[in-house]
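# Topology and contacts: notes
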Amino acid sequence: MKSSTKARAAENERLDRVELARGNPSGRLVVVSNRVPLPTKDGTSSAGGLAVALEGALKQQGGLWFGWSGRTVDRAENMPHIVEAGNITFAVLDVLKKDFDLFYTGFANRVLWPICHYRLDLLQIDRSQTEGYFRVNRTFAEALAPLLNADDTIWIHDYHFIPLAAELRRLGCRNRIGFFLHIPWPPSDVASALPSYERLLNGLASYDVVGFHTPQDAENFRQCLMRERIGFPVGNGEYQVDSHRFKIGSFPVGIETDAFAQTAASAERNPVVRRMRASMGNRDLIIGVDRLDYSKGIKQRIEAFACCVRSNPELRNRVVYLQVTPKSRSDVPEYKKMQHEIAEQAGWTNGNLGEVDWTPIRYLNKTIGHTQLAGLYRMARVGLVTPLRDGMNLVAKEFVASQDPDDPGVLVLSRFAGAMHELDAALLVNPYDTEATAAAIARAVEMPIEERKERWNALMIRLRSNGIDNWCRSFLTALCDDLPAVPEGDRGGSGRPRNRVAHAPG
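None of these values were measured; they are calculated from a predicted model. (Residues numbered from 1 in each chain as written. Predicted model: local features only at pLDDT ≥ 70, side-chain atom pairs only at ≥ 80, totals over all residues. Heavy atoms only, no water.)

### Concerning the overall build of the chain
Counting secondary structure elements, the chain contains 17 helices and 16 strands. Considering the chain as a whole, with its 506 residues, one finds that 57% of them fall into the buried category. Sequence separation of at least 24 residues holds for 78% of the intrachain contacts in the chain that already meet a minimum separation of 6. Carbon and sulfur atoms make up 49% of the accessible area of the chain, which totals about 21,500 Å². (Helix = DSSP H or I, 4+ residues; strand = E, 2+ residues; numbered from the N terminus. Buried < 20%, exposed > 50% of the residue type's maximum accessible area, 1.4 Å probe, protein only. Contact = heavy atoms within 4.5 Å. Areas by Shrake-Rupley, 256 points an atom, 1.4 Å probe, with all protein chains shown as cover.)

This is how it looks when you write it as structure tokens:
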């Protein structure tokens, strides 16, 4: 009797949601992200990268973009700052300074980030940071809830806001809520090292769709649910937790392929690109572009380049390796240390391998403009994208899109980048294997034009089949699809105990 009552309640909740969605087809899209690209004073957009696709979806449907303002304050203020731009409302919230240190610098980037990138050795557990992370998510939920309409569709992004749906459900939110993780999700043996691990899994199980870059990440998450007996599969990528059914899927992020290709072609006339070309002489350019982070494998890449030059004397004074590495999270001690170590490593390599008229490595610790970067990609013979672990890595896709079809460069890609699942026509390497990566660099430099074109054409077919708009559309389609409830008596499980997820009152 009790199970049938729960099943009827779940079915009624499902029908209410369907009616809300059908009753107002013009319902808004609500995007939640840690950083929000506020419009500039002249009304133009400051969005870039993935934000371009999200802003496009918001413009098409009309909506709200909610997140952190980028400011920290000393006094609590739960009222977001509102900016209107066309049919998009931007709402940003300040964060208490003490909470920011716990939430962002602490739990997000010294717990979630290393664990999701398989770095158990860098995990630092601090109960106050854990509590601060969940407290900030509760604060954001309390600020967002009054801004929501009953027919809004909510799309929450990245590891900063894993518990946000559970907090919104606690406040009575019954909207469709999706979550997309922009970084990897590790297997259960690694993920279970997270403090409040089961609470985080329950938080993810509060969404209607949980999306990842790759099938491997999605499968890792499924196994976490099963191993902890939190949920069980009910078919078609769907899982059941108590009376709540949700989807788990992979949604690989793309880029604006043709637009990036056009930018790269026109960038050949850019003054910076022209100066770089002149300074190169007849040498071939090898390029790597990464934010400063231990997940990017920059140290191992420099070692592989040095090994390549030592093992192939004919490449001496014939190649130049440009590594562009903007600073990142300079307030985190591990990143400050890494910045010094990589700069010293590049200097040591130049001192030992260089000559009077040849500096093997050019190392830039700053940001390069979008157009200039596209032009540098285009003139490069080899693109090195060799992270130790990455969710997707869009640099790999941008490098491919930038190439001259008549004389394309070669992508050397880590097997541990999410992009590997799509860009398998690249030269795939294990970045931990220095000699094998060095051999791949040498092969890329010497690769005949026919093979370079063949590989590049295969890569471009994959890029064009999954652009940034396709990623946005496929996720929102999955989020808006109906999810029928499963009566408790039809679950077919063994009656195993499961952790419970907080739901809105039905």
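### Comments concerning the packing of aromatic side chains
The full count for this structure, using the stated rule, is 25 aromatic pairs. Ring centres of F305 and Y321 lie 5.1 Å apart, and the angle between their planes is 50°; this geometry places the pair in the tilted category. Residue F305 is found in helix α11 (residues 298-311), and its partner Y321 is found in strand β12 (residues 319-324); the two are separated by 16 residues along the sequence. Between R199 and the ring centre of F134, over which it is positioned, the NZ or CZ distance is 3.7 Å. Over the aromatic face of Y118 sits the side chain of R389, whose NZ or CZ is 3.8 Å from the ring centroid. (Phe/Tyr/Trp six-rings, centres within 6.5 Å; stacked < 30°, edge-to-face > 60°. Lys NZ or Arg CZ within 6 Å of the ring centre and 35° of its normal.)

### Let's talk about the side chain of N312
Tracing the backbone through its elements, the reader meets N312 in the loop between α11 and β12. Residue N312 is classed as buried on the basis of its relative accessible area of 17%.

### Re empty space enclosed by the protein
Per the stated rule, a full pass over the model turns up three cavities of 30 Å³ or more. If you add up the space inside the largest cavity, you get close to 100 Å³. Lining the largest cavity are 14 residues; nearest its centre among them are Q216, R389, D390, F416 and H421. Looking at the lining of the largest cavity residue by residue, the class counts come to five nonpolar, five polar and four charged. One number sums up the size of the second largest cavity: a volume of about 60 Å³. Surrounding the second largest cavity, F399, V400, Q403, G409, V410, L411, A425, A426, R452, R455, W456 and L459 form its lining. Of the residues assigned to the lining of the second largest cavity, the class counts are eight nonpolar, two polar and two charged. (1 Å grid on protein atoms, 1.4 Å probe; cavity = no way out; pocket = protein on both sides within 12 Å on 5 of 7 lines; lining within 4 Å. Points joined across faces, edges and corners; volume = space filled by probe spheres on them. Nonpolar A, V, L, I, M, F, W, Y, C, P; charged D, E, K, R; others polar.)

### Considering the environment of L38
Its location among the elements puts L38 in the loop between β1 (29-35) and α2 (50-61). Residue classification places L38 among the partly exposed residues on the basis of a relative accessible area of 30%. Sequence separation between L38 and V83 is 45 residues; the distance between their C-alpha atoms is 7.8 Å.

### Description of the nonpolar core
In summary, soluble globular proteins display a tendency toward joint burial of nonpolar side chains. Counting 136 residues, the largest nonpolar core has I156, L168, W185, F221 and L413 as the members making the most contacts within it. Considering every element that reaches this core, the biggest residue donor is helix α3 (residues 97-116), with 10 residues. When residues no more than four places from it in sequence are discounted, the contact partners of L168 are A141, L144, A145, L148, I154, I156, C173 and I177. Core analysis: the next-biggest nonpolar cluster, separate from the first, contains 25 residues, L29, V209, I468 and C472 among them. (Core = buried A, V, L, I, M, F, W, Y, C linked by side-chain atoms within 4.5 Å.)

### Describing the sheet that holds strand β14 (residues 382-385)
Strand order in the open sheet formed by six strands is β13-β12-β11-β14-β15-β16, with parallel pairing between adjacent strands. If you trace the sheet from one side to the other, it starts and ends with β13 (361-364) and β16 (427-429), each paired once. Here the average twist between neighbouring strands, direction ignored, is 20°. Note that strand β15 (residues 410-414) and β16 share three bridges and pair parallel. The partner of L413 across the bridge, within β16, is L428. Along the sheet, helix α13 (residues 370-379) makes contact with β11 (284-289) and β12, crossing β11 at roughly 135°. (Pairing = 2+ DSSP bridges. Axes fitted to C-alpha atoms, helices over the stretch in contact; angles between N-to-C directions.)

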